[in-house]
Amino acid sequence: MSLDVQDLVVTLGGRRVVDGVSFSVPAGARFGLIGESGSGKSLTALAILGLLPDGASVSGSIRWQGEELLGRDDRELARIRGREIGIVFQEPRTALNPIRTIGRQIGEPLRIHEGLSKREALDRAIELAARVRLPDPERIVRRYPHQLSGGQRQRVAAAIALACGPSLLIADEPTTALDVTIQSEILGLFERLVSETGASLVFITHDLAVLSRIASDAVVLAQGKVVEAGPVAQLLSTPVSPVTQRLLAAAKTMSWKGEDDD
Ligand SMILES: Nc1ncnc2c1ncn2[C@@H]1O[C@H](COP(=O)(O)OP(=O)(O)OP(=O)(O)O)[C@@H](O)[C@H]1O
């Protein structure tokens, strides 16, 4: 098992905002966390990453490559986050530093975790920019986030997450802020990157149509609890929980194309 979450409870302001969540993501699997807004998806991801907000208390177990993550100190968790677990968040505009070049931001994890020089990190940043199919990699690394489109910024975020070759990628609504065509391109990119690298993927979304494109198994969250779990095909064909049924109805009303590729 590469990631094994058991009976995870996160309490914030006296509320159990994640309330006994369990799931396992085997090595190389593409796994989904799906639920409506406020169901506890992001806090589950933040707990795995050791990035819960101040004042949160957490219990249960999060085993990564067989080792317990809960209770590790911040420095160890920061090392694991940079090297072994990559993260992509929803809004690439806020995730990127507005006053640093793209190349510097892609190269930063390599400087921190692999001790590369500025020049080496920039060379690797150019390679990574090419790998996430940013146009004109040599020039784009000299640009700043505001000079890129939303889809390009999300490609930059993917390049940063992948820089150190993580074996798990956590993507929290990475396509939600994008329009439908770009959404589909970015999903294609994630599909390609995880299959090329063999990394496991935990993909967070409120959109069952998006989930069906990227994940093979998933848990459905509502009010911090798992209300349904299983293969995504089953969630689509025979949803049992009213929450999953609502998510399916919502997905069907959207103009999803889904056939585009990266
Ligand atoms: N810093 C915080 N302090 C207090 N409560 C919080 C905090 N962050 C989140 N919550 C609450 O915890 C619950 C779960 O939030 P979470 O962000 O995990 O939901 P989500 O499923 O990711 O939703 P969304 O899709 O809207 O991001 C929500 O009720 C939210 O209001």
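Residues numbered from 1 in each chain as written. Predicted model: local features only at pLDDT ≥ 70, side-chain atom pairs only at ≥ 80, totals over all residues.

In the annotation of an unreviewed UniProt entry, the protein chain is listed under the name Peptide/nickel transport system ATP-binding protein and assigned to Plantibacter flavus. Taken from UniProt, the Sequence similarities (unreviewed entry) comment for the protein chain reads in full: "Belongs to the ABC transporter superfamily." UniProt lists a comment for the protein chain under the heading Subcellular location (unreviewed entry), and it reads "Cell membrane". (UniProt positions renumbered as here; feature names shortened; annotations may be inferred.)

Brief notes about the site of the ligand
Near the ligand you find 13 residues, and of these Val17, Ser37, Lys41, Ser42 and Leu43 are the closest. Ranked by the residues each element gives to the shell around the ligand, the list is headed by helix 1 (residues 41-49), at 3 residues. Class assignment of the residues belonging to the shell around the ligand gives a composition of 4 nonpolar, 8 polar and 1 charged. (Near = placed C-beta within 6 Å. Helix = DSSP H or I, 4+ residues; strand = E, 2+ residues; numbered from the N terminus. Nonpolar A, V, L, I, M, F, W, Y, C, P; charged D, E, K, R; others polar.)

What to know about the domain arrangement of the protein chain
How big an interface is tends to be stated in terms of accessible area lost as the parts join. Assigned domains of the protein chain: these are domain 1 (1-84 + 168-262) and domain 2 (96-165). Placing a centre on the C-alpha atoms of domain 1 and another on those of domain 2 gives a separation of 25 Å. The interface is formed by 13 residues belonging to domain 1 together with 14 residues belonging to domain 2. Breaking the side of domain 1 that touches domain 2 down by element, the ones donating at least two residues are helix 2 (74-83) and helix 8 (180-197). Top contributing element to the side of domain 1 that touches domain 2 by residue count: helix 8, with 6 residues. Broken down by class, the residue content of the side of domain 1 that touches domain 2 amounts to 8 nonpolar, 2 polar and 3 charged. (Domains from an automatic or database assignment. Contact = placed C-beta atoms within 7 Å.)

Some words on the pairing of strand 7 (residues 168-172)
Across the 5 residues that make up strand 7, a large majority, 5, are buried. As defined by bridge partners, strand 7 adjoins strand 8 (residues 200-205) across 5 bridges and the pair is classed as parallel. Looking across to strand 8, one finds that Ala171 is bridged to Phe203. With helix 8 bridging strand 7 and the parallel strand 8, this β-α-β connection has right-handed handedness. (Buried ≥ 20, exposed ≤ 12 C-beta atoms within 10 Å, placed from the backbone. Pairing = 2+ DSSP bridges. Right-handed = clockwise from strand over helix to strand, strands pointing away.)

Some remarks on unusual backbone geometry
Positioned with a positive phi, Asp7 is a non-glycine residue whose angle comes to about 50°. With respect to the helices, strands and loops of the structure, Asp7 is situated in strand 1 (residues 3-12). Here Gln223, not a glycine, exhibits a phi torsion of approximately 50°, which is positive. Here Gln223 is to be found in the loop between strand 9 (217-222) and strand 10 (225-231).

Digging into the packing of helix 4 (residues 102-114) against helix 5 (residues 118-131)
At a minimum axis distance of 8 Å, the contact between helix 4 and helix 5 shows a crossing angle of 115°. The way helix 4 lies across helix 5 gives a crossing that is right-handed. Counting all contacts with helix 4, which are made through Gly103, Ile106, Gly107, Leu110 and Arg111, the residues of helix 5 involved are Ala121, Leu122, Arg124, Ala125, Leu128 and Ala129. Split by residue class, the contact of helix 4 with helix 5 holds 7 nonpolar, 2 polar and 2 charged. (Axes fitted to C-alpha atoms, helices over the stretch in contact; angles between N-to-C directions. Left-handed = near helix turned anticlockwise from the far one by under 90°.)

A short note on the sheet that holds strand 5 (residues 67-68)
On the basis of which strands lie adjacent, the open sheet formed by 4 strands has the order 2-1-4-5 and antiparallel pairing. A single partner strand is all that each edge strand has here, and the edge strands are strand 2 (15-25) and strand 5. Here 2 bridges tie strand 4 (residues 57-64) to strand 5, and the two strands are oriented antiparallel to one another. Looking across to strand 5, one finds that Trp64 is bridged to Glu67. Its contacts with the sheet place helix 1 against strand 1, strand 2 and strand 4, and it is angled at close to 70° to strand 2.

Describing helix 5
The terminal C-alpha atoms of helix 5 lie 20 Å apart, and with 14 residues this matches the ideal 20 Å at 1.5 Å per residue to within 8%. All buried positions along helix 5 are accounted for by Ala121, Leu122, Arg124, Ala125, Leu128 and Ala129. Buried positions in helix 5, seen along its axis, are confined to an arc of 165° and lie on one side of it. Just downstream of helix 5 lies Arg133, where phi reads positive at about 60°. (Expected span 1.5 Å × (residues − 1). Arc of directions from axis to C-beta.)

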